[in-house]
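Per-entry structural report
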There are 2 protein chains.
Amino acid sequence: MNNFLFENKTKVYFGKGGVKEYLGCLLEHYGDTVMLAYGGGSIKHNGIYDEIVGILNAAGKRIVEFPGIMSNPTYAKVQEGAKLARENHVDLILAVGGGSVSDCCKVVSAQAKVDEDLWELENTKHTRPTEFIPLGTIVTVFGTGSEMNNGAVITHEEKKIKGALWGAQADFAFLDPTYTLSVPMKQVISGAFDTLSHAMETYFGKPDENNLSDDINEAVMRSVIRNIRVLLTDKDNYEARSELAWASAMAENGILKIGKVTDFQCHMIEHQLGAYTNCNHGAGLAVIHPVLYRHLLPANTARFARFAQNVWGIDPAGKSELKLAQAGVEALAAFIKEIGMPTTFAELGIPADTDLKAVADSTVLTGGCCKKLSHDEIYEILKECK
Amino acid sequence: MNNFLFENKTKVYFGKGGVKEYLGCLLEHYGDTVMLAYGGGSIKHNGIYDEIVGILNAAGKRIVEFPGIMSNPTYAKVQEGAKLARENHVDLILAVGGGSVSDCCKVVSAQAKVDEDLWELENTKHTRPTEFIPLGTIVTVFGTGSEMNNGAVITHEEKKIKGALWGAQADFAFLDPTYTLSVPMKQVISGAFDTLSHAMETYFGKPDENNLSDDINEAVMRSVIRNIRVLLTDKDNYEARSELAWASAMAENGILKIGKVTDFQCHMIEHQLGAYTNCNHGAGLAVIHPVLYRHLLPANTARFARFAQNVWGIDPAGKSELKLAQAGVEALAAFIKEIGMPTTFAELGIPADTDLKAVADSTVLTGGCCKKLSHDEIYEILKECK
């Protein structure tokens, strides 16, 4: 196992009823002004907004609303939130939603504390923020695993880059699987596929040797696959939703990455696709993954063969390593079809005239996987996805 | 998945060379006086003591030595450490050793802050300490997983009870697998078996349903079994030692327990055996586990069958659930023999006239497993272990 540093400070309150039971007490540790951040307003229809506002009011907090955080949150939205937080001397940001709301709020929490432009700091000075407004999250859609780390994916519309920024890690995160019951099934599945993608991206990182993180990762992947299948026939199944909720956090809380180097190739390609088309993140990943893996497979057949056997349960008997490896990638492709996710850009609704060359050329890979793809190869992959 | 709260604040510095690279910087965050706690002094022969003292001196720290922490650390030793820490106004306790040193220091860190007797507070008032001297650990023997939690096992010699107390959780923990290279192989294996035991004790807790923690647990158990076997033929193998080191922490950092209730029956029985005989912890567990599981098996045959298949790789074809379950327990028993651990109390060196009835009667179980054993059943198990 490679050397590593690991810490994760977020306190997780997991399960139904957690917000009602614990949020009030938690609020006592923070100042009077709470920024309540959320997305398109669905929380106003399913009772979550009323529940939280009731608790904030009961705790005597002044509420500063920061609504309208979009999917693929923009850097402009971050600036809007930071201005609001500064002007109102916000003491705590409460991010209520999925990964987009959480990611946006992480960067708001940092941007509100400094005058310099965080995008420039990260991308030109390679400096990361160190001061933050405290952050808490209440997750209503699972998949990004944003709730237990300090990473954020933000779209800079002018630059046409969907890139990583770093902000506050939440002090606390409420993960109540019942909050997902009113989320459209398509979005639930898309989120769960994002979890599977995070696990796969880490699993196909380096090194390949005996590594406990990979063993644990296989367990997470199998659990995600199994529980997505449960939801296909029993959509309100609490057990399956709760397993997927915790798997979402586990895939991105650092545990799977211990001792590994990863470059999240599929995510990096999809992010640029998102920057150019604003497509759904999980759906974009679903289209790209099998095509990407068919390209990567020759560079690490043994690892793909292990993936086939240990994640997809494919019997290796009578198969060459190559055939076994290929069967694993095709099992992934079949699974994507089975769960109703798109398998081509056309199905995903990507306009046929999208400049895929520009998407490929703007994708930045760091080489943490078995093969560092060239921009030409990325372009080939994107064309095959059409 | 059951509701749960989870947090783990310990920052882990894992891998060879970590102390040299990071300890000096870390010390800047603490006051001038550091209590350097260790065991029988083996660290003075393998260079670890000199390395740490050099770093402490370079950082200008005043060192208060607290040596001689024994295996199965006593409550009297805790009091000695607490007095020393108080008298010297210690700012940081640095626990260098295995679980015994870490456990002792956790309780020292709490007892130094209060006048009341912590044993009484825990066992009569059921109150846990809230104030601590900061603690850091440098692990030299793996297995207890003490480095990433706040639990401690302390032997109260007068009361003849080896019981749990709660103290500081380490701010930081250095896990350098090369530090184990000078530890006798018997102790390395005993520690690794303790890790396996922690995982099993959790796995056989409640509930049995679909639970990501169980899937992850199986991965940890398989890794421990695989890597102990590597050490049997290649004792200095760094990869195996590092995998076992991280598995040790993973088994007790709370991740495997998420959503589960456990009562650690084997540990509770072994603790009382230890209180009466001061036997080696891992070795005591090795003797008791198979006998205990033969008794528990009828109460949860399905779970033992899953254990057989998913942990020991036993082919279920042609076997009834009962036969499969039994094969799993016998695989565990055979493994214990294979790795040279004792299989009877006689082999372990427990005196034949040990009052096993008193051991049984003083064992406290909480019923977190498939069956809450009576004192008579525990006595039967202990007699079968002879």
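Residues numbered from 1 in each chain as written. Chains lettered and ligands numbered in written order. Predicted model: local features only at pLDDT ≥ 70, side-chain atom pairs only at ≥ 80, totals over all residues. Heavy atoms only, no water.

As for the overall build of chain A
In terms of regular secondary structure, chain A is built from 15 helices and eight strands. Computed over C-alpha atoms, the radius of gyration of chain A comes to 21 Å, within 12% of the 21 Å expected from 2.2 N^0.38 for 386 residues, which places it in the range of a compact globule. Reported as C-alpha extents along the three principal axes, the dimensions of chain A are approximately 70 × 45 × 45 Å. Each of the 386 residues in chain A was classed as buried or not, and the buried ones make up 60%. Sequence-distant contacts, at least 24 apart, represent 77% of the contacts inside chain A between residues at least 6 apart. Charge-centre separation for chain A: the mean point of 37 positive side chains lies 2 Å from the mean point of 48 negative side chains. (Helix = DSSP H or I, 4+ residues; strand = E, 2+ residues; numbered from the N terminus. Rg over C-alpha atoms; globule rule 2.2 N^0.38 Å. Buried < 20%, exposed > 50% of the residue type's maximum accessible area, 1.4 Å probe, protein only. Contact = heavy atoms within 4.5 Å. Lys, Arg positive; Asp, Glu negative; His and termini not counted. Charge placed at Lys NZ, Arg CZ, Asp CG, Glu CD.)

Section: unusual backbone geometry
Outside of glycine, negative phi angles account for most residues, and trans bonds account for most peptide bonds. Residues and elements named next belong to chain A. The omega torsion across K206 and P207 is -5°, close enough to zero to call that bond cis. Looking at where P207 falls in the secondary structure, it is placed in the loop between α6 (185-203) and α7 (212-233). A positive phi angle, close to 50°, is found at H126, a residue other than glycine. Within the fold, H126 resides in the loop between α5 (118-123) and β5 (135-139). H126 gets classed as exposed once you look at its relative accessible area, which sits at 65%. Not every positive phi belongs to a glycine, and F264 is a case in point at roughly 50°. Assignment of secondary structure puts F264 in the loop between α8 (238-252) and α9 (265-277).

Quick notes on the pairing of strand β3 (residues 62-66) of chain A
All names here are of chain A. As paired elements, strand β2 (residues 33-37) and β3 share five bridges and run parallel to each other. If you follow A37 over to β3, its bridge partner there is F66. For the crossover that starts at β2, traverses helix α2 (residues 48-58) and ends in the parallel β3, the hand is right-handed. (Pairing = 2+ DSSP bridges. Right-handed = clockwise from strand over helix to strand, strands pointing away.)

Some thoughts on the relation of the copies chain A and chain B
For the pair chain A and chain B, the superposition axis carries a translation of 0.0 Å, the fit reaches an RMSD of 0.0 Å, and the rotation angle comes to 180°. One copy is carried onto the other by what is essentially a two-fold rotation axis. Both copies present the same face, since 100% of the interface residues in chain A are matched by interface residues at the equivalent positions in chain B. (Least-squares fit on C-alpha atoms with pLDDT ≥ 70 in both.)

Points about the side chain of T301 of chain B
When you line up the elements, T301 of chain B lands in helix α11 (residues 301-310). The contacts of T301 of chain B, once residues within four sequence positions are left out, are E321, L322 and A325 of chain B.

Observations regarding the pattern of salt bridges
Any two side chains of opposite charge can pair, on the condition that their charged atoms come close. Inspection of every chain in the model, using the stated rule, returns 44 salt bridges over all chains. Put simply, D215 of chain A and R226 of chain B hold a salt bridge, and the shortest N to O gap is 3.0 Å. One end of the pair, D215 of chain A, is in helix α7; the other, R226 of chain B, is in helix α7 (residues 212-233), on a second chain. Residue class for D215 of chain A comes out buried when judged on its relative accessible area of 8%. Taken together, the shared-partner salt bridges in this structure form one network comprising D208, D214, K260 and R303 of chain A. (Salt bridge = Lys/Arg side-chain N within 4 Å of Asp/Glu carboxyl O.)

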